[in-house]
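# Summary of structural features
Residue-level listing of the chains:
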Amino acid sequence: MSRVGVVGAGYVGLTTGACFAHLGHEVVVGDIDTDKIHRLAKGDIGILEEGLPELVAEGLSTRRLRFVVGAASAAADAEFVFLCVPTPRGSEGDADLSAVEDVVREIAPLLTPGTVIVNKSTMPVGSTALVARLLGAAGAVAELGVASNPEFLREGTAARDFLHPYRVVIGADDPAVAVRVSELYRDVQAPVLVTNPASAEMIKYASNAFLAMKVSYVNAVANLCEAVNADVREVTLGMGYDPRIGFEFLHPGPGWGGSCFPKDTAALLHTAARVDDDFPLLAAVISMNDAQQDRVVDKIRDALGGAPAGRRVGVWGLTFKANTNDLRDSPAVAIVRRLVEDGVAVRAYDPAGGESAAELVPGLEVAADPYEACVDADVLVVLTEWDEFRWLDFTRVAGLSTGRSIVDARNLLDPAAMRHLGFAYRGVGR
Ligand SMILES: NC(=O)c1ccc[n+]([C@@H]2O[C@H](COP(=O)([O-])OP(=O)(O)OC[C@H]3O[C@@H](n4cnc5c(N)ncnc54)[C@H](O)[C@@H]3O)[C@@H](O)[C@H]2O)c1
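Here's a quick rundown of the structure. In this text the structure is predicted, and so the values were computed from the model without any measurement. (Residues numbered from 1 in each chain as written. Predicted model: local features only at pLDDT ≥ 70, side-chain atom pairs only at ≥ 80, totals over all residues. Heavy atoms only, no water.)

For the rest of this paragraph, the subject is helix α13 (residues 331–341). Within the sequence span of α13, burial applies to Pro-331, Ala-332, Val-333, Ala-334, Ile-335, Val-336 and Leu-339. In this structure, the buried side of α13 is in contact with α12 (280–303), β9 (312–316), β10 (345–349) and α14 (354–360). The first or second residue beyond α13 is Gly-343, which carries a positive phi of 90 degrees. (Buried < 20%, exposed > 50% of the residue type's maximum accessible area, 1.4 Å probe, protein only. Helix = DSSP H or I, 4+ residues; strand = E, 2+ residues; numbered from the N terminus. Contact = heavy atoms within 4.5 Å.)

See below:
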């Protein structure tokens, strides 16, 4: 069993730390956020992640998982240091690696020969080599290993995805380093792919951009369905049974968002531009995604008779997808913000992200339950696909709302049932 340091205690770092401890390693997770570390040390994970509180509690009780303030405390004595800090969108669309650079400078003098630095954050092609250069420049000993080990977990099922991944990708120039990293995953049943660092870095971006493209494709098909009287639900069912296509990421909606797809597609486009490649397909995917949000806003404005100011809209769902409390780059938040700017009174309910959304959108009212969100609403809008919205008392919903009009940006509700209750129903592509 190995001594693993993890820098960054967010979705990826916390999951990595708790899962490695579960797999038997001695893990120290460090973060600059002192409050977060104090909460984590008490087992309060602060995010909605199925199974993760239990894994953190297990790690704390076995003492295989510890939380410390700062990158240096996590890296000292570690055989492996996983970098799990943010790599947000930079001003040019590139990935901003300043947190990575800060951490490398901080930990470099502490590392002992044989330590392997592993890039788990999503970092562009060339970053493994960059980290090696930065370590050297910051005075680290020469005998260090560097590797890329991109993370593919999905928020909401992060722990399950980490422990049961579709694949583990390790990019390293030194095969011995790759073998050592792969041994950390010895008890994980998954194909392990060892590549050169650039390929590992590209695999992550190419995968995320592909999934974004799939969603944008189905959004475009849905928009066409609306124009030709086809039902996208039937169309995607007919497509998805073909295993070459599959059902996943084949649901039209208000556009993709979240903490990864927007910044990762922008960063891949930036990488392409660096080598004079316009990557027009990816550029179109990104601009189509912006247009998809506009379409939802237009549908809501239409439902309000083209005169949104002073009207009331009830919203169900604010997180970027269901089963997470993450609001980063959520299309729902962006749409709600535009409605509020239009002078619409918006009252929204979300099972997990409501309170924080109120801080992001001044003027947004947060409802305590989905029914409160409908009170006196001229239009009801579904923006996130939380399952619980399917099973509400819609007779009660109809009684509470004024306008009897629904814009269902996730195709979550049954149009026939809604129309039967007297609602004007607008879905996506149906
Ligand atoms: N969230 C996902 O679903 C997901 C999936 C795969 C990959 N990734 C990638 O993983 C990386 C991290 O993403 P995340 O969602 O976990 O981010 P996050 O914002 O949830 O967590 C990052 C953590 O790093 C800490 N941090 C920042 N600077 C630090 C420093 N100098 N020293 C110590 N700690 C520091 C922050 O306080 C924060 O707790 C990103 O590159 C992201 O693209 C994310």
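Here the narrative resumes, following the displayed structure.
Looking now at the environment of Val-235. For Val-235, the location among the structural elements is in helix α10 (residues 232–240). We classify Val-235 as partly exposed; its relative accessible area is 28%.

A few words on the site of the ligand. Close to the ligand lie 24 residues; Asp-31, Lys-36, Thr-87, Glu-155 and Lys-263 are nearest. One of the backbone N or O atoms of Tyr-11 is found 3.1 Å from an oxygen atom in the ligand. In this structure, a nitrogen atom belonging to the ligand sits 2.8 Å away from a side-chain N or O atom of Glu-155. Residue composition of the shell around the ligand, grouped by class: 11 nonpolar, six polar and seven charged. (Near = heavy atom within 4 Å. Polar contact = N/O pair within 3.5 Å; in protein donor to acceptor, adjacent residues only side chain to side chain. Nonpolar A, V, L, I, M, F, W, Y, C, P; charged D, E, K, R; others polar.)

Right, let's talk about the side chain of Thr-236 for a bit. Assignment of secondary structure puts Thr-236 in helix α10. Overall, Thr-236 belongs to the buried group, its relative accessible area being 10%. For Thr-236, the residues in contact, after removing those within four places along its chain, are Val-218, Phe-247 and Leu-250.

Turning our attention to helix α1 (residues 11–22). With 12 residues, α1 should reach 16 Å at 1.5 Å per residue; the first-to-last C-alpha distance of 16 Å fits that figure. Within α1, 10 of the 12 residues are buried, which leaves the element mostly enclosed by the surrounding structure. Among the residues of α1, Tyr-11, Gly-13, Leu-14, Thr-15, Thr-16, Gly-17, Ala-18, Cys-19, Phe-20 and Ala-21 are the ones counted as buried. At the exit of α1 stands Gly-24, carrying a positive phi of roughly 105 degrees. (Expected span 1.5 Å × (residues − 1).)

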